[in-house]
Every structure is written in structure tokens, then in C-alpha cells.
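# Remarks on the overall topology
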Amino acid sequence: MRKPILLRHWLLVLLGLWLIWMITKPDNAKKFDSRIEAAIAQSVDCKLDEARAELASLKSAKATAEQLKRLHKAINDATPSCERRQARTKAWGDTVSAVDAALTAASFELARARLGAFTRRWGEGADTRELKTRIDARQAEKAQGPGATVQRIFGDLIGRNSASAPQAGEQSQKIIAEAEREIAQGNYKAAIDKMDVCAMLVDNGAKACLVLKQKAERLNGEMQRCLAAHKDWINDRCE
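Residues numbered from 1 in each chain as written. Predicted model: local features only at pLDDT ≥ 70, side-chain atom pairs only at ≥ 80, totals over all residues. Heavy atoms only, no water.

### Examining the packing of aromatic side chains
We describe a pair of aromatic rings using the distance from one ring centre to the other and the angle between the two ring planes. Within the structure shown, the criterion is met by 2 aromatic pairs. Seen in terms of ring centroids, Trp92 and Phe118 are 5.0 Å apart; in terms of plane orientation they differ by 55°. Their pairing is tilted. Of this pair, Trp92 sits in helix H4 (residues 65–104) while Phe118 sits in helix H5 (residues 108–122), and the two are 26 residues apart along the sequence. Per residue, the accessibility class of Trp92 equals that of Phe118, and both read buried. Ring centres 6.5 Å apart and planes at 35° place the aromatic pair Phe118 and Trp122 in the tilted group. Of this pair, Phe118 and Trp122 both sit in helix H5, separated by 4 residues, roughly a single helical turn. Of the two residues, Phe118 and Trp122, both sit in the buried class. (Phe/Tyr/Trp six-rings, centres within 6.5 Å; stacked < 30°, edge-to-face > 60°. Helix = DSSP H or I, 4+ residues; strand = E, 2+ residues; numbered from the N terminus. Buried < 20%, exposed > 50% of the residue type's maximum accessible area, 1.4 Å probe, protein only.)

The following block contains the structure:
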């Protein structure tokens, strides 16, 4: 008969199996390292939603407490700067839209005011310097200014010496309407120039032109004082 297997032999077998398992078992800590590093990189790139989703997934997958703590800290450290970056991006988009609208209306001071309000809060960078250069270039292109255009219109009327009183009245109403649009767009100096010409066209239209000119001068003065105080001039108000 075969001899029974001794207990010490069973123990040796179990010890051998345990050693084999310890050698070949997957190292969970190392298995999650690459995922941790990738999630940290996502947080640095401000992909916070993806990083948080990976953090939740790693918790379910039983990553070590140390690994989870490391990733959680990386997300928390990145959150303030990422939120500021997102807020700046939105503010920059709004500023560019406002500046483009002001440039379309040839309101260069308003364009600079909106850009200045942005740089005071968010600081300067390559994008703000580029936009400032664009404003300067657009102003250089319109070196004559909207007032010179109106002066040429008036000169044409005088040069032809054939404009009747009704025609001059119609022309003054047209210039008044243009000046009102300039005021609505914050281009007060252009409105002032137009009203100077308007007042010379017809006597009965001079009063309306002077009233509108006074309004444009008042708003222009208030805007200059507002900007000098490093505040924002928006919709004819200092904020």
C-alpha cells in the first residue's frame, strides 16, 4: 500500500503554490499607474470632467488610496486656474465681438475702452496686443474720419450751388439720423462732427442739430471721465 502524504508535504505544496501566485499575480498598483498619469494630464489640460470620470472609475476598480488621493489632489489643484481660463475665454469672446462692432461703426475710442476693460481684469497677452494693433490699423485706414466724409458732402452741396432749401433740409435730417446712430454706437466725436455740418446746412434745422451736438458732447465728456477713472463705459453709462 502507498504511504499517506504527510502533512509537511501538503504544507510544502501549498507554500509552493502561494509563491507561484505571488510571483505571477498582477500588481494592481502598477496596473493603475498609467491611468492615473493620463488622468492627471487631463486635469492639467483642463479636461476636468474626463479626469473626474476616471477618478470615479478608478475607485470602482479598487485603485489604492494613495493613487486616488494623488489624482484627487491634481484635480483640485487644477480647478481654480481652469475655471479662470474658461472665464477669460468667454470674456475674450465677448470683448472681440464688442470691439468688432465698434470698429464697424468706426468708434475707435469705444473699441479701445472695451479692450482696456478686458486687459485691466485679465491682463495683457499676445491676443490683446494683436487686437490693439488691429484697432490702430483700422483707425489709420480711416485717417480722414467720419467727420471729414460729412464735410465733403457739405462741400459738394456748396460747390454745386444748386441745392434748394427743401433738399438741404432733407440732407440735414439724413445727417441727424446718422448722428443719432453714431451716438447709439458710442461714437460721440463722429456725431459732433456731423452736427457741425448739419448746423450749417439750413437755418431751421440748426436748433435740432445743436441740441443733438450738445448731447453728444455731454456723453463724450462723461465717457472720457469714466475711462480716466478706469471704469467701463457701456450703453452710455459708466459702470
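Past the structure itself, the notes keep going.
### Thoughts on the nonpolar core
One broad rule of soluble globular proteins: the nonpolar side chains tend to lie buried together. Within the largest apolar cluster, 17 residues are counted, with the highest numbers of intra-cluster contacts made by Ile176, Ile183, Tyr188, Met195, Cys198, Leu212 and Trp233. Residue contacts for Ile176: discarding those within four places in its chain leaves Met195, Cys198, Ala208, Cys209 and Leu212. In this structure, Trp92, Ala106, Ala111 and Leu115 belong to the second largest nonpolar core, which totals 14 residues. (Core = buried A, V, L, I, M, F, W, Y, C linked by side-chain atoms within 4.5 Å. Contact = heavy atoms within 4.5 Å.)

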